[in-house]
Amino acid sequence: MDLRMTLILLGGLLFFALFSSASANFVFPVEHKFKGKERSLSALKDHDVRRHRRILSAVDLELGGNGLPSETGLYYARIGIGSPSTNYYVQVDTGSDILWVNCIGCEKCPKKSNLGIDLTLYDPKSSTTSKYVNCDQDFCTSTYDGQLPGCRPELLCQYNVVYGDGSSTAGYFVKDALHFNKVTGNRQTATTNGSVIFGCGAKQSGELGTSSEALDGILGFGQANSSVLSQLALAGKVKKEFAHCLDTISGGGIFAIGEVVQPRVNKTPLVPNQAHYNVNMKEITVGGDVLDLPTDTFDTADGKGTIIDSGTTLAYLPEVVYDSLMSKVMSQQPGLKLHTVEDQFSCFQFTGNVDDGFPIVKFRFDKSLTLTVYPHEYLFQIREDVWCIGWQNSGLQSKDGKEMILLGDMVLSNKLVLYDLENQSIGWTEYNCSTSIKVKDENSGAVYSVGSHNLSSASKVITGGMLTFFLLLIAMLHNFIC
C-alpha cells in the first residue's frame, strides 16, 4: 500500500522482532466497546462521524516529543506488555497501522473510561525488558529514508499523529515484551511473548483526551508495512491474511489471522495504492431492480470508491445513491409515515415481518462478488413496533467523505469477511458466526477449528489456529432504545 496516499510519515516505524517461539499461533480476546452499555442513536452515529474524520484525514507522524491515544475504535483487545507483564486494553482498528499505548507522565491522557475497564499507563522503567529506541536506529532511519537533520545518538525516535478533527497523539518509541496466548492445538493455548517496538504516548489533545470511551492505546490492523499483520508476515510468522465474522444473533464472533480453508470464500480485488480496504463496486440492485445512477458513481479516484470497514457501525452512501436507494426501498410500503428520531434517523411504525415487507439490497462488485443485505440487517428495531433505517447519507458526515461508500457492521455482520493481502483481494460469504471456521497452520500443515469466544466468560481453553483474535460483539443495531 502507498502509505503516502493518506499520511505523511515522519515518525518511527513499528517494527516487530522475531518471536522466540517456533510458531506464531496466538490469541487476543477482543471485546465490543459498547458492551453492556445503553447507547443513544445520536451517540452511535457520532462515533461513526468521528471515525470518518479519522480515516479520511492525513496522519502526520512527524518528529516530536509527545504521544496521544487515538480515537477509540469499535473493538478492543487485552494484551500484556513488559516484564513483569501488565495488561492494557487497546483498540483493534483496521483503519490504522501502528501499536502504541499511553505512557507514564502523559500530558492530558484520560484517567478513566466508561467502558468498565481500568486504564493503565505504561512505564518503561518498571519493565526489566524495556529499551528506548533512538533516532539513529535502523527502523527510525528507514522510516525517514535516512537520518533526520539534528538526530543525535542520544535522541529518541519520536512520532506525532494529527487527525482530521484536530486531535493529536505524540510520543516516542520503545522496545519491550508483548505477551499473548499462543494456540497449541484445538481448544488449547499457552502464554508466550515476543519483542516489539511500539509507541509510548506522552501527550494528547482534543477529543483524544476527553473521550468517555477511552482505552490504553491502539492496535492498528491496516495493510501498511507498519501494521501488526504486515510485521508478523515480514518475520515469516503468518500469512498476510485475516478474517472476521461478526455475530449479531448470539453476540459473539471470530477474528482470525491465517489461511482460512473452510468455508471457501469468493473474492474481489482491492483497489491498488489505497490506505484502506477499498473495492470496485459495479452496481446496486433493490428488489431485483438495478438503481439508475450516474456512470461515475462507483469511481475510486478523488475520494470516491467503496470502503469495507468493520470499525464503522452503519452504512454510508453518497447522496445520489442514498436518495435513489431510499426511494426504491420505501416504494414497497407507500402508506408508511416516516418520522425523524434524534434529528437524524428516519423511523416508522411497522408490525409485520420486515423481511416480507421490504426488498433485499444487493451490492455487486468486480469478479461477480455480491454482498446481499436483508431488510432485518438494514432496518433496526428501537421499540416493539418501531423500526429505523440504517442507510445514511455520507454527504452529511464530512466534506471529505461525501462521495464515498462506506460499508460497516450493519451489512458485514453475520458474514465471514476474508482479507487476503498477499493476493490483494477481499471476499465474504454468509455464515453462522456462532459456529467455527477452519484455519491452516503454515508450519505444521495442521488445520484447526477456530470458534467464537466471549471475553467476559473467557476460559483458558480456547479453540484456535495460526494467529487468532476472538472478536466479541454485542448486537448493536437491534437493541437501542429511543
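See the structure shown above.
Calculation notes
- Residues numbered from 1 in each chain as written.
- Predicted model: local features only at pLDDT ≥ 70, side-chain atom pairs only at ≥ 80, totals over all residues.
- Heavy atoms only, no water.
- Core = buried A, V, L, I, M, F, W, Y, C linked by side-chain atoms within 4.5 Å.
- Buried < 20%, exposed > 50% of the residue type's maximum accessible area, 1.4 Å probe, protein only.
- Helix = DSSP H or I, 4+ residues; strand = E, 2+ residues; numbered from the N terminus.
- Contact = heavy atoms within 4.5 Å.
- Pairing = 2+ DSSP bridges.
- Axes fitted to C-alpha atoms, helices over the stretch in contact; angles between N-to-C directions.
- Expected span 1.5 Å × (residues − 1).
- Arc of directions from axis to C-beta.
- Polar contact = N/O pair within 3.5 Å; in protein donor to acceptor, adjacent residues only side chain to side chain.
- Salt bridge = Lys/Arg side-chain N within 4 Å of Asp/Glu carboxyl O.
- Disulfide = S-S within 2.5 Å.

Caption draft 1: Representation of the nonpolar core. Phe-363, Trp-391 and Leu-407 are the most contacted members of the largest nonpolar core, which has 70 residues in total. Per element, the largest residue contribution to this core is 6 residues, and it comes from helix H4 (residues 319-330). Residues in contact with Trp-391, not counting those within four places in the same chain, are Ala-315, Leu-317, Tyr-322, Leu-325, Met-326, Val-361, Phe-363, Val-373, Tyr-378, Met-410 and Val-411. Of all hydrophobic cores here, the second largest spans 14 residues; its members include Trp-100, Val-133, Tyr-144 and Tyr-159.

Caption draft 2: Representation of the sheet that holds strand E24 (residues 370-373) in the model. Overall, antiparallel pairing links the 4 strands, which are arranged E18-E17-E23-E24 in an open sheet. Edge positions in the open sheet fall to strand E18 (289-290) and E24, since each of these has one partner strand only. Pairing between strand E17 (residues 281-286) and strand E23 (residues 361-365): 5 bridges, direction antiparallel. Of the residues in E23, the one forming a bridge with Ile-284 is Phe-363.

Caption draft 3: Expanded view of the sheet that holds strand E16 (residues 278-279). Strands sit in the order E16-E19-E28-E20-E27 across an open sheet of 5 strands; the sheet is mixed. Both edges of this open sheet fall to E16 and strand E27 (391-393), since each of them pairs with a single strand only. Strands strand E20 (315-317) and E27 of the sheet are contacted by H4, whose axis makes an angle of about 140 degrees with E27.

Caption draft 4: Spotlight on H4. When the terminal C-alpha atoms of H4 are compared, their 16 Å separation across 12 residues agrees well with the 16 Å that a helix rising 1.5 Å per residue should span. Looking at H4, one finds that the buried residues are Val-321, Tyr-322, Leu-325, Met-326, Val-329 and Met-330. Seen end-on, H4 carries its buried residues on one side only, within an arc spanning 135 degrees.

Caption draft 5: Focus on the side chain of Ser-113. Mapped onto the fold, Ser-113 is located in the loop between strand E6 (99-107) and strand E7 (131-132). Ser-113 gets classed as buried once you look at its relative accessible area, which sits at 12%. A polar contact is formed between the side chain of Ser-113 and the backbone oxygen of Ala-214, at a distance of 2.8 Å.

Caption draft 6: Fine view of the pattern of salt bridges. Inspection of every chain in the model, using the stated rule, returns 6 salt bridges. Note that Arg-364 and Glu-283 form a salt bridge whose closest N and O atoms lie 3.1 Å from each other. Remark: Glu-283 occurs in strand E17 and Arg-364 occurs in strand E23; sequence separation between them is 81 residues. Its relative accessible area of 27% is what places Glu-283 among the partly exposed residues. Across the pair Lys-328 and Asp-289 runs a salt bridge, and its minimum N-O distance is 3.4 Å.

Caption draft 7: Representation of the side chain of Gln-223 in the model. Residue placement: Gln-223 occurs in the loop between strand E11 (217-220) and helix H3 (228-234). From its side chain, Gln-223 meets the backbone oxygen of Gln-274 in a polar contact 3.4 Å long.

Caption draft 8: Region of interest: the pairing of strand E32 (residues 447-451). Sheet topology note: the strand E31 (residues 436-440)/E32 ladder contains 5 bridges and is antiparallel. Residue Ile-437 lies in a different strand from E32, and its bridge partner there is Val-450. The turn linking E31 back onto E32 is made up of 6 residues, and Gly-445 within it adopts a positive phi angle of 85 degrees.

Caption draft 9: Layout of unusual backbone geometry. Omega for the bond connecting Ser-83 with Pro-84 falls within 30 degrees of zero, at 0 degrees, which places this linkage in the cis form. For the peptide bond that leads from Gln-262 to Pro-263, omega is 5 degrees, which places it in the cis range. Along the chain, Pro-263 falls in the loop between strand E14 (259-262) and strand E15 (267-269). For Lys-108, which is not a glycine, the phi torsion comes out positive at approximately 65 degrees. Looking at the element boundaries, Lys-108 is found in the loop between E6 and E7. Exposure remark for Lys-108: the relative accessible area of 57% places this residue in the exposed category. Positive phi is not limited to glycine here, since Asn-414 has a value of about 60 degrees. Inspection of the secondary structure assignment puts Asn-414 in the loop between helix H7 (409-412) and strand E29 (415-420). The class of Asn-414 is buried, set by a relative accessible area of 14%.

Caption draft 10: A look at the state of the cysteines. Summed over the entire model, instances satisfying the criterion amount to 6 disulfides. Through a disulfide, Cys-140 is tied to Cys-157; the S-S separation comes to 2.2 Å. Where Cys-140 bonds to Cys-157 through sulfur, the torsion about that S-S bond is close to 90 degrees, and the disulfide is right-handed. Placement of the pair is Cys-140 in helix H2 (residues 138-143) and Cys-157 in the loop between H2 and strand E8 (158-162), with a sequence separation of 17 residues.

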